[in-house]
Amino acid sequence: MILEVIDNIIETHDTRTIRFKVVDKADFKPGQFGMLTLGVIRDGKNKIEKKAYSIASIPGKDFIDFTVKKHNLGPFGTSMQNLKPGDKVAVEFPYGLFFHLPELGNNIVLIGAGSGIVPLMSIIRYNTGHNHPVKMRLIYTNKTERDIIYHKELLEIEKKNKNLKLYLTTTQDEGWHGNNGRIDEKIIRELVPDYPSVLFYICGPPKMVSEIQQMLISLGVDRSKIKTERFD
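In this text, all values refer to a predicted model and were calculated from it rather than measured experimentally.

Colleague: Honestly, the overall build of the protein in this entry has me stumped. Any pointers?
Modeller: In terms of regular secondary structure, the protein is built from 5 helices and 12 strands. When its C-alpha atoms are laid out on the principal axes, the protein stretches across 50 × 40 × 30 Å. Out of the 232 residues in the protein, the part that is buried amounts to 50%. Looking at the protein alone, contacts between residues at least 24 apart form 70% of all its contacts between residues at least 6 apart. Counting only carbon and sulfur atoms, one obtains 49% of the accessible surface of the protein, whose full area is about 11600 Å². On the protein, the mean spot of the 33 positive side-chain charges and the mean spot of the 28 negative ones are 1 Å from each other.

Listed below in structure tokens is the structure:
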């Protein structure tokens, strides 16, 4: 389908959310992704390319959001970030098996790094917006505080949703007054003492996702309780 851009929202110094108008209510499961088709200039030539982006918004709205970070941006990401209201883009959705609905489990741990927060944010927004009694713990790591996507909104949601607990950590920010260091076994044991019975959702760079997945398995978490999505 062809969708029109209605907003280009600045999230951080290198991240933007592109909002598209949807004529019918957007129908997808929180955590799924869409495929976008754009004209780009690659190696000096005009090309039509497709790329997958996780959906940041929630189902049932008359808009759909995709959040784009300038990590290995390339020509496609550049074209995405340069979109402006009135531009029209071919967008197809939904895709993917990485999603959460309350009936799948009411005790979940969301683990993300960088733009890996995007599908996790859709899950958080969905459960919060519908007042679902789902216990959510978000463990989210970034290089610095200024890299934390949706930082203000996450803090606001935690204040109003007693079922959400945040653990934000940075790895390269000496001025950060919060938690420091990468996500490791110690953090999991401290924050998720009930880890054998929890449903985990992990999203981020492939290496990070694989390492945390293997760590959870070594702790005795059943593979069926670990959902993963990798962002190259």
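There is more to say after this.
Colleague: For this particular structure, what's the right way to read the packing of aromatic side chains?
Modeller: The relation between two aromatic rings is expressed through the spacing of the ring centres and the mutual angle of the planes. Inspection of the entire model under this criterion finds 5 aromatic pairs. Considering the side-chain rings of F20 and F66, the 5.9 Å spacing of their centres and the 75 degrees angle between planes classify their relative orientation as edge-to-face. Here the residue F20 occupies a position in strand β2 (residues 15–21), and F66 occupies one in strand β5 (residues 63–69), the gap between them amounting to 46 residues. F66 matches F20 in its accessibility class, with the two residues each being buried. Between F28 and F93, the ring centres sit 6.3 Å apart and the planes meet at 85 degrees, which makes this aromatic pair edge-to-face. With F28 in the loop between β2 and β3 (33–42) and F93 in strand β6 (residues 88–95), this pair connects stretches of sequence that are 65 residues apart. Residue F28 shares its accessibility class with F93, and that shared class is buried. A cation sits over an aromatic face here: K29 above F99, 5.2 Å from the ring centre.

Colleague: Is there a simple way to think about the sheet that holds strand β11 (residues 199–204) in this case?
Modeller: Hydrogen bonds between backbone groups are what pair the strands of a sheet, and the pairing can be parallel or antiparallel. Taking strand neighbours across the sheet as the criterion, the 6 strands line up as β10-β9-β8-β7-β11-β12 in an open arrangement whose pairing is parallel. Whereas interior strands pair on both sides, the edge strands pair on one side only; in this sheet they are β10 (179–180) and β12 (226–230). As judged from the 7 bridges shared by strand β7 (residues 107–113) and strand β8 (residues 135–142), these two strands associate in the parallel manner. The residue bridging I108 from the neighbouring strand is M136, located in β8.

Thresholds, definitions, all that
- Residues numbered from 1 in each chain as written.
- Predicted model: local features only at pLDDT ≥ 70, side-chain atom pairs only at ≥ 80, totals over all residues.
- Heavy atoms only, no water.
- Helix = DSSP H or I, 4+ residues; strand = E, 2+ residues; numbered from the N terminus.
- Buried < 20%, exposed > 50% of the residue type's maximum accessible area, 1.4 Å probe, protein only.
- Contact = heavy atoms within 4.5 Å.
- Areas by Shrake-Rupley, 256 points an atom, 1.4 Å probe, with all protein chains shown as cover.
- Lys, Arg positive; Asp, Glu negative; His and termini not counted.
- Charge placed at Lys NZ, Arg CZ, Asp CG, Glu CD.
- Phe/Tyr/Trp six-rings, centres within 6.5 Å; stacked < 30°, edge-to-face > 60°.
- Lys NZ or Arg CZ within 6 Å of the ring centre and 35° of its normal.
- Pairing = 2+ DSSP bridges.

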